[in-house]
Amino acid sequence: MENTKHTPAELIRNNLDLILAEQSRLTKQLNFADVAGVIPYLHSAARIFVAGAGRSGFAMRSAAMRLMHFGLTVYVVGETTTPAIQTGDLLFIASGSGTTGSMVSAAERASKVGAKVVALSTTTDSPLAALSDYLLLIPAAQKQDHAHIISKQYAGSLFEQSLLLITDAIFQTMWDLDGTPAPELWKRHANLE
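Because the structure is a prediction, the values reported are computed rather than measured.

Each value, and the rule that gives it
- Throughout, residues of each chain are indexed from 1 in the direction in which the sequence is written.
- Predicted model: local features are reported for residues with pLDDT of at least 70 only, side-chain atom pairs are reported and counted for 80 or more only, and whole-chain, interface and lining totals are derived from all residues.
- Hydrogens and waters are ignored; side-chain quantities use all the structure's heavy atoms.
- In short, DSSP must find at least two bridges between two strands for them to pair.
- Put simply, DSSP marks the helices as runs of H or I at least four residues long and the strands as runs of E at least two long, and each gets a number from the N terminus on.
- Simply put, an axis is a line fit to the C-alpha atoms, just over the touching stretch for a helix, and the angle between two N-to-C directions goes from 0 to 180 degrees.
- Small angles under 35 degrees read as roughly parallel and large ones over 145 as roughly antiparallel, with 65 to 115 read as roughly perpendicular and the rest as oblique.
- In this description, contact between two residues means that some pair of their heavy atoms is separated by no more than 4.5 Å.
- Charged means Asp, Glu, Lys or Arg here, nonpolar means Ala, Val, Leu, Ile, Met, Phe, Trp, Tyr, Cys or Pro, and polar covers whatever is left, Gly included.
- When a residue's accessible area, from a 1.4 Å probe over protein chains only, is under 20% of the maximum for its type it is buried; when over 50% it is exposed; and in between it is partly exposed.
- Crossovers are marked right-handed if the path from the first strand over the helix to the second runs clockwise, as seen with the strands pointing away from the viewer.
- By the criterion applied in these results, polar contacts are pairs of N or O atoms within 3.5 Å in which, for protein atoms, one can donate a hydrogen and the other can accept it, and in which residues neighboring in sequence qualify only through two side-chain atoms.

Draft legend 1. A look at the sheet that holds strand 1 (residues 48-52). Across the sheet, which stays open at both edges, the 5 strands sit in the order 2-1-3-4-5 with parallel pairing between neighbours. Only two strands of the sheet have a single partner each, and these edge strands are strand 2 (74-76) and strand 5 (134-137). Strand after strand, the sheet turns through a mean of 20 degrees between neighbouring axes, direction not considered. Here 3 bridges tie strand 1 to strand 2, and the two strands are oriented parallel to one another. Paired with Phe-49 across the strands is Tyr-75, a residue of strand 2.

Draft legend 2. Representation of the packing of helix 4 (residues 54-69) against helix 7 (residues 157-178) in the model. The geometry of helix 4 relative to helix 7 is characterised by a closest axis approach of 8 Å and an angle of 10 degrees between their N-to-C directions. Regarding the angle of helix 4 to helix 7, the classification is roughly parallel. On the side of helix 4, the interface is formed by Arg-55, Ser-56, Ala-59, Met-60, Ser-62, Ala-63, Arg-66 and Leu-67, while helix 7 contributes Ser-157, Phe-159, Glu-160, Leu-163, Leu-164, Thr-167, Asp-168, Phe-171 and Met-174. Considered class by class, the residues forming the contact of helix 4 with helix 7 number 9 nonpolar, 4 polar and 4 charged.

Draft legend 3. Spotlight on the pairing of strand 4 (residues 116-121). By the criterion of burial, strand 4 is predominantly enclosed, with 5 of the 6 residues buried. Sheet topology note: the strand 3 (residues 90-94)/strand 4 ladder contains 5 bridges and is parallel. Looking at the pairing, Ala-94 lines up with Leu-120 of strand 4. One crossover worth recording links strand 3 to the parallel strand 4 by way of helix 5 (residues 101-112), and it is right-handed. As paired strands, strand 4 and strand 5 are joined by 4 bridges and run parallel to one another. Bridge pairing in strand 5 places Val-118 opposite Tyr-134.

Draft legend 4. Spatial organisation of the environment of Ser-97. Relative to the helices and strands, Ser-97 resides in the loop between strand 3 and helix 5. Sequence spacing of Ser-97 and Ala-107 is 10 residues, and the spatial spacing of their C-alpha atoms is 14 Å. Here the side chain of Ser-97 touches Thr-99 through a polar contact of 2.8 Å, side chain to side chain.

By themselves, these are just geometric observations and shouldn't be taken as functional.
Right, dumping it as structure tokens:
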């Protein structure tokens, strides 16, 4: 669709403003006590298995990296070196709809072996929500919100962006509470890049 009223540079600026405004509105709707409720699960897990499909998966991989920097044992579901999940472990999983087949299946398997499931989703009414030990509700649009009721962005972009921001805020909070100096965290940063 061609827009002749604005230059591409103006459209980019306007769209970045839109994205930031939507994230700001979402932030004001979050229950931060609920967000903080994720932290005890992360701290108490023997190992953390992080999962998400598509762009949600990319955001959750970022969370995995930060949790690893914090010194936790973290695996990304689907990688060839990821071991079997067991009792005492945590599946930290994201699905906007809560119906993504591979994510629901992962939660079923985790629950079956006695692992905890912490899910991030836009709905409390889904198979993933039902399988979760803890559900963090993120007030974002689902992929099928083509009417732009919650977000003017395409598909689940608002949810996917919020995953990165919220998990970074969780990490930052864990770091603030722990007080480990940044140089100590840096020792765990990838050095084979």
